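Working through the structure, step by step
What follows is the residue order along each chain.
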Amino acid sequence: LPTNVNGALSFLSSARKAMPYALGNQFSALGYATRAYHNNTFTFYERHRTHPNLGYVYKGLGNGLELLSRSTWPNSDHEMIQVTVDEYIDNYVNNGEKFHTYYMTVSGHGAWGFGDHRMCAKHEAEVAHLTDYSTPVRAYIASQLELELAVTELMNKLEAAGIADDTVIALTSDHYPYKLTPKEYHELEPVDTGDRDMLRYRNSFMLWCG
């Protein structure tokens, strides 16, 4: 907050400002290797400007992140973990290089449908039993299952390396599913979702430590 600063997105405006308390800068000052990955175009929302200013060595599609497959929208969170996780785990295990890694996912991004959304289609059978939900809401839930695979992959890698108990994982989202209509969103959050209702901006935050 605020959304805009002098007509520009506030986060983009931060690229021109000192951000010493951003996690990337804080961990870097403590000697951690700070990396950020995003499985969408690296320039989207000009993250190639904002992320380095937050203290990260940043890789997205087009500037260092190479996924196993790139067919249709959206790309796989699971694949992003698969092709990046060894980079910082191996450096920690073999060289003692502590890491702080920031993933921005995209598999669950809207709009949701089983026809033109690769992650919804991939997990359609897994949500077929959710008949109380409308099709867009089932598709939304289906798309989030790719993140479930990604976190499972990450946990398995950390445990295999013997460092899960020395790792903290923070997981949150950056907005509510605004691509759903108010009626569809009401299926997930049965509260008033009018423009003036701030309850829809409530978020979930998970913090895990072995």
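Things to note about the packing of helix α4 (residues 77–95) against helix α6 (residues 135–160)
Where α4 meets α6, the axes come as close as 8 Å, and the angle between the chain directions of the two elements is 20°. With respect to α6, the element α4 is oriented roughly parallel. Of the two elements, α4 crosses α6, and the hand of that crossing is right-handed. The segment α4 lies against α6, with Asp77, His78, Ile81, Gln82, Val85, Asp86, Tyr88 and Ile89 engaging Glu146, Leu147, Leu149, Ala150, Glu153, Leu154, Lys157 and Leu158.

Section: the nonpolar core
Judged by nonpolar contacts, the single largest core of 19 residues is most densely connected at Val85, Tyr88, Tyr103, Leu154 and Leu158. For this core, the elements supplying multiple residues, two or more each, are α4, β5 (99–104) and α6. In contact with Val85, other than residues within four places in its own chain, are Tyr103, Leu154 and Lys157. Ranked by size, the runner-up nonpolar core spans 11 residues in total, among them Val127, Ala139, Tyr140 and Ala142.

As for the pairing of strand β4 (residues 57–61)
Pairing geometry for strand β3 (residues 33–41) and β4, over 5 bridges, is parallel. Among the inter-strand pairings, Thr41 is bridged to a residue of β4, identified as Leu61. In terms of handedness, the path from β3 via helix α3 (residues 47–53) over to β4 forms a crossover that is right-handed.

Thoughts on the side chain of Thr84
Relative to the assigned elements, Thr84 resides in helix α4. A distance of 2.6 Å separates a polar atom in the side chain of Thr84 from a polar atom in the side chain of Tyr103.

Section: α4
Between its terminal C-alpha atoms α4 stretches 27 Å, which fits the 27 Å expected from 19 residues at 1.5 Å a residue. A bend of about 40° at Thr84 is the largest found in α4. Residues of α4 that are buried: Asp77, His78, Glu79, Met80, Ile81, Thr84, Val85, Tyr88 and Ile89. One side-chain oxygen of the residue at the start of α4 lies 3.1 Å from the amide nitrogen of His78, identifying that residue as Ser76. At the exit of α4 stands Gly96, carrying a positive phi of roughly 75°.

A closer look at unusual backbone geometry
The amide bond that connects Gly110 to the next residue, Ala111, takes the cis arrangement and shows omega of 5°. With respect to the element layout, Ala111 can be found in the loop between β5 and α5 (118–122). For Tyr45, which is not a glycine, the phi torsion comes out positive at approximately 55°. Inspection of the secondary structure assignment puts Tyr45 in the loop between β3 and α3. The backbone phi angle of Glu46 is positive, close to 55°, even though this residue is not glycine. Tracing the sequence through the fold places Glu46 in the loop between β3 and α3. Judged by relative accessible area, which is 29%, Glu46 ranks as partly exposed.

Basis of the calculations
- Residues numbered from 1 in each chain as written.
- Predicted model: local features only at pLDDT ≥ 70, side-chain atom pairs only at ≥ 80, totals over all residues.
- Heavy atoms only, no water.
- Axes fitted to C-alpha atoms, helices over the stretch in contact; angles between N-to-C directions.
- Helix = DSSP H or I, 4+ residues; strand = E, 2+ residues; numbered from the N terminus.
- Parallel < 35°, antiparallel > 145°, perpendicular 65-115°, else oblique.
- Left-handed = near helix turned anticlockwise from the far one by under 90°.
- Contact = heavy atoms within 4.5 Å.
- Core = buried A, V, L, I, M, F, W, Y, C linked by side-chain atoms within 4.5 Å.
- Buried < 20%, exposed > 50% of the residue type's maximum accessible area, 1.4 Å probe, protein only.
- Pairing = 2+ DSSP bridges.
- Right-handed = clockwise from strand over helix to strand, strands pointing away.
- Polar contact = N/O pair within 3.5 Å; in protein donor to acceptor, adjacent residues only side chain to side chain.
- Expected span 1.5 Å × (residues − 1).
- Bend = angle between axes of the 7 residues up to and from the residue.

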